[in-house]
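Letter by letter, the chains look like this.
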Amino acid sequence: MSVDATAIVSPPTRTVVVDTLRDEAGVWLFVFKTLLAFYLTGWLAMRFSLAQPSTAMLTVIIVANRQSGMVLAKSFYRAIGTLAGAVAAFVIVGLFPQQRELFLLALSLWIGLCAGGATLYRNFKSYAFVLGGYTAAIIAVPVINHPPAVFDSAVARISEVLLALMVSGAVNDVVLPSRMRDVLRRTARAQFAHFIGFVQGSTGGTIPRDAMENAHLRFVRDAVTLEDLRSSVIFEDAEARARSGHLKLFNQRFMAASTSFQSLHHLINRLQRNGQTASAKAIIELYAPIGAALDTPIEAGAAAAILLPRLVAARKTMAARAPLLRHSLIGPNAVRDFDTGASLLLRFVEELHDYVESAASLQAPRLVLRTPERVNFERGNDFASAGLAVFRTTLTMLVLGMFWIDSAWPMGGSAMLIATIFAGLFATAADPVRATRSILAGYATGMTAGFLCVFFVLTRMDGYGLLVAGTAPFLMVGLMLLMRPSVASYGLGGCMGFAYILAVKNPMVFDPSSFLNDVIAQLIGLSAAAIAFIVVPPAIGSHWLRRRQLERLRRQVTLAAEAPLAGLRQRFESVNHDLFSQIVAQTAPGSADSRALIAWALAVHETGGALIALRQDRLTHRMPEEVDRCIAVAIDALARFYERPDSAGYARTRDAVANAIDRASAEPSARPLLDHLHLIRLALLDGESAIADYMSPTPAAQESTHAS
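Residues numbered from 1 in each chain as written. Predicted model: local features only at pLDDT ≥ 70, side-chain atom pairs only at ≥ 80, totals over all residues. Heavy atoms only, no water.

A closer look at the overall build of the protein chain
Helix and strand counts for the protein chain come out as 26 helices and 0 strands. Along the first, second and third principal axes, the C-alpha atoms of the protein chain reach 95 × 75 × 50 Å. The 708 residues of the protein chain split such that 55% are buried. Contacts in the protein chain between residues at least 24 apart in sequence constitute 79% of all its contacts with a sequence separation of at least 6. For the protein chain, the exposed surface amounts to about 30,100 Å²; the carbon and sulfur share of it is 61%. Between the centroid of the 64 positive side chains of the protein chain and the centroid of its 55 negative side chains there is a distance of 3 Å. (Helix = DSSP H or I, 4+ residues; strand = E, 2+ residues; numbered from the N terminus. Buried < 20%, exposed > 50% of the residue type's maximum accessible area, 1.4 Å probe, protein only. Contact = heavy atoms within 4.5 Å. Areas by Shrake-Rupley, 256 points an atom, 1.4 Å probe, with all protein chains shown as cover. Lys, Arg positive; Asp, Glu negative; His and termini not counted. Charge placed at Lys NZ, Arg CZ, Asp CG, Glu CD.)

Here's the deal with the packing of aromatic side chains
A full pass over the atoms with the stated rule returns 26 aromatic pairs. Taken together, the aromatic side chains of F192, F195, F198, F219, F250, F254, F261, F348 and Y355 make up a single cluster linked through ring pairs. Against the face of W600 rests R554, its NZ or CZ located 5.3 Å from the ring centre. (Phe/Tyr/Trp six-rings, centres within 6.5 Å; stacked < 30°, edge-to-face > 60°. Lys NZ or Arg CZ within 6 Å of the ring centre and 35° of its normal.)

Notes on the nonpolar core
F195, I290, F348 and L352 are the most contacted members of the largest nonpolar core, which has 119 residues in total. The element best represented in this core is helix α13 (residues 332-363), accounting for 14 residues. Non-local contacts of L352, meaning those with residues more than four positions away in its chain, are made with F195, I196, A257, I290, L294 and L311. Counting 93 residues, the second largest nonpolar core, distinct from the first, contains L44, A137, F515 and A528. (Core = buried A, V, L, I, M, F, W, Y, C linked by side-chain atoms within 4.5 Å.)

Focus on unusual backbone geometry
Positive phi, normally seen in glycine, also occurs at A408, with a value near 55°. Mapping A408 onto the fold places it in the loop between α14 (383-407) and α15 (412-425). Residue A408 is classed as exposed on the basis of its relative accessible area, which comes to 58%. A positive phi is found at A503, a non-glycine position, where the angle reads about 45°. Inspection of the secondary structure assignment puts A503 in the loop between α18 (488-502) and α19 (512-535). Its relative accessible area of 19% is what places A503 among the buried residues.

Let's talk about the pattern of salt bridges
Using the criterion set out here, one finds 20 salt bridges in the structure. A salt bridge links R230 to E227, with the shortest nitrogen-to-oxygen separation between them at 2.8 Å. Of this pair, R230 and E227 are both found in helix α8 (residues 209-233), 3 residues apart, which corresponds to roughly one turn of the helix. The network of salt bridges with shared partners includes R270, R273, E606, D686 and E688. (Salt bridge = Lys/Arg side-chain N within 4 Å of Asp/Glu carboxyl O.)

Digging into the packing of helix α10 (residues 244-273) against α13
The angle between the axes and the distance between the axes are what describe a pair of packed helices. For the pair α10 and α13, interaxial distance at closest approach is 8 Å and the crossing angle is 155°. For the element pair α10 / α13, the angle class is roughly antiparallel. Between α10 and α13 the crossing geometry is left-handed. Each residue belonging to the contact of α10 with α13 can be placed in one class, and the counts come to 17 nonpolar, 7 polar and 6 charged. (Axes fitted to C-alpha atoms, helices over the stretch in contact; angles between N-to-C directions. Parallel < 35°, antiparallel > 145°, perpendicular 65-115°, else oblique. Left-handed = near helix turned anticlockwise from the far one by under 90°. Nonpolar A, V, L, I, M, F, W, Y, C, P; charged D, E, K, R; others polar.)

Some words on α10
Its 30 residues give α10 an end-to-end C-alpha distance of 44 Å, which sits within 8% of 44 Å, the value for a rise of 1.5 Å per residue. In terms of burial, α10 is a largely internal element, 26 of the 30 residues being buried. Residue G275 follows α10 closely and has a positive phi angle near 85°. (Expected span 1.5 Å × (residues − 1).)

Some points on the environment of R569
One can find R569 in helix α21 (residues 568-585). For R569, a relative accessible area of 19% corresponds to the buried category. For the pair formed by R569 and A223, sequence separation is 346 residues and the distance between their alpha carbons is 15 Å. In this structure, R569 is in contact with Q252, A256, T259, S260, E351 and I612, ignoring residues within four places of it in sequence.

As for a nonpolar patch on the surface
Taken together, the side chains of V87, F90, V91, L95, F151 and V155 define a hydrophobic patch exposed on the protein surface, amounting to about 550 Å² of accessible area. Taken together, the elements giving at least two residues each to the nonpolar patch come down to α3 (68-95) and α6 (150-174). Broken down by element, the nonpolar patch gets its largest block of residues, 4 residues, from α3. Structurally, the position occupied by V91 is in helix α3. (Patch = residues over 30% accessible without salt bridge, like charges linked within 9 Å, V, L, I, M, F, W, Y side chains within 5 Å.)

A word on the packing of helix α12 (residues 307-327) against α13
In the contact formed by α12 and α13, the axes pass within 10 Å of each other and the chain directions differ by 175°. Classed by the angle they form, the pair α12 and α13 counts as roughly antiparallel. Residue-level contacts link L307, L308, L311, V312, R315, M318, A322, L325 and R326 of α12 to V335, F338, D339, L345, V349, E350, L352, H353, V356, E357 and A360 of α13. Classifying every residue of the contact of α12 with α13 by side-chain character gives 14 nonpolar, 1 polar and 5 charged.

Digging into the confidence of the model for the protein chain
Detailed reading of the predicted coordinates is not advisable wherever pLDDT falls low. Within the protein chain, residue pLDDT values average 82, and 91% of them lie at 70 or more. Model confidence for the protein chain, summarised as mean pLDDT per element, is weakest for helix α26 (residues 697-702) at 42 and strongest for helix α17 (residues 464-482) at 91. Within the model, pLDDT remains below 50 along residues 1-11, and this stretch shows 3 contacts once partners closer than five positions in the same chain are excluded. Overall, residues 698-708 carries pLDDT values under 50, and its contacts beyond four positions in sequence, including any with other chains, amount to 23 contacts. (pLDDT = per-residue confidence, 0-100.)

See the structure below:
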């Protein structure tokens, strides 16, 4: 019997071809819109008689992006940075109009502070800091010998930049816009569908530890990606701005539910490893109605509202089933294990219901203008690494400034400007040395293309139309490379080098000696920025920073133990996810460092979440002072151990938690707190967790996983 090969091969081939053509169409659309904005900006700058049309045209290249929302977000923060840089330039020139040394010192310090500020953010807010630094240099450096001209310089630079931002925003928002809201919608629905599917698929038993680690990575990536997209989409879409609060609440509830979900399955895994199979099976059986409730087609997260009544029914079934399962267990230890699991499962179901409710609210066709709860996604920033960026950038600017003064080099200002731009742009890069090397190669290629274009093409043409025709082919190549991830840095450098060295003026000036001097200055400035990252290595990606980030991650347990409870869960979850996403991005997947960090993140998530729940219940249940004191000692011991983990601290913490459980067991009013304490104790005795290295071999082997 013959097989129709076309029937087998054609559908996948057709799909591949369609996807490839769609992607290529998107690339060419980006090139077309960028060229349109680039040349329209240059034409308007000439019509308005602006001093440096090339500055406006370069701005178009810097803010270029395939998505309209990204262009608008970059433009918004670039405008803020430009205005802040202009104010700084006024202040610096006003304070030191006749003292070049103090002038350069103040300017270098400002640029360094802006570079440090840029490292504290992982979205376009960092761009405002970068712009604040090099805008001040662009305005102040050219007037170092003519301070009264600072106002004219500021007006010219602000006009050029704002013109470019308005044109870029208008072109990307009007001409075949590619909306970020569609990407955000798909991302939110994919997050929802994946989490619901994972929960539904896990109700049949335990989840292997490596599968839980991979799930945790996915949960972290989904949460951080959604927040980054949300912060950009609000610039392009009114509905997205109105729903921004709902999106933050949706993401916060996702993080809370995923943390409780992980704690629940860690508990089941531990019970089975410790031989407590009866308790584990009872918890899994109690968990089963959730799987049945979620067993319904959910296409990319659509129609989340249909799950809400099913989850309510599942909770009622679980409430009726729990006493029967508890009664079937033999022995106080098994009952205690079940009670802990049932309490944690109840919390997870409540959080899952809230998460599904948020998804249903987002999918509702009617716009809800007010959100029931205000939440914020906080970042886990490291100020020491920001300080290192301040030092490196300030030092680079001072060295270039002193060389400029001592050598009286006419093009020293141009070298400083380029170094300022790239020192700020790459302060947040994971591998700035490699990035600047790629940019430098692209920049040199772009300037070579600019030389050929200026002196062998434009000299034979007249008029703006022919200028477009003569330069577009060169720029088009760089924009195409910019859309290829493997050579994106090279393409960006080529576009920036070509646009900067083209130096479009009205009328054009063709001066080979000035052109070559400018080329040398720019290459020196860019090389100085690259050398600075070698002399003062960046913290990002370093073992030093990873150690600090791990310490900060462990201190999240201290935060959970000591910080005010108002808004603590939100702060705890968002900072945890942001810190972990930074750590994962800076370690090789599957490496020893990566696995150790994942293990610590899981331990921090579970223990911190249990501590917050313990403290919340502690406030609502009055108990004897002695019992409350023992619980407080256990909480403090946990905080101290996670701050500085060692074997002695582990032993103190283990004993303090065991003592708190003993005291709480004898006091009926403390019964609700026992579940949290027991969960913490089981986590402390987990031989596969990150804290296993601090367990004393002999006592740990002898000790039972239950308090007597």
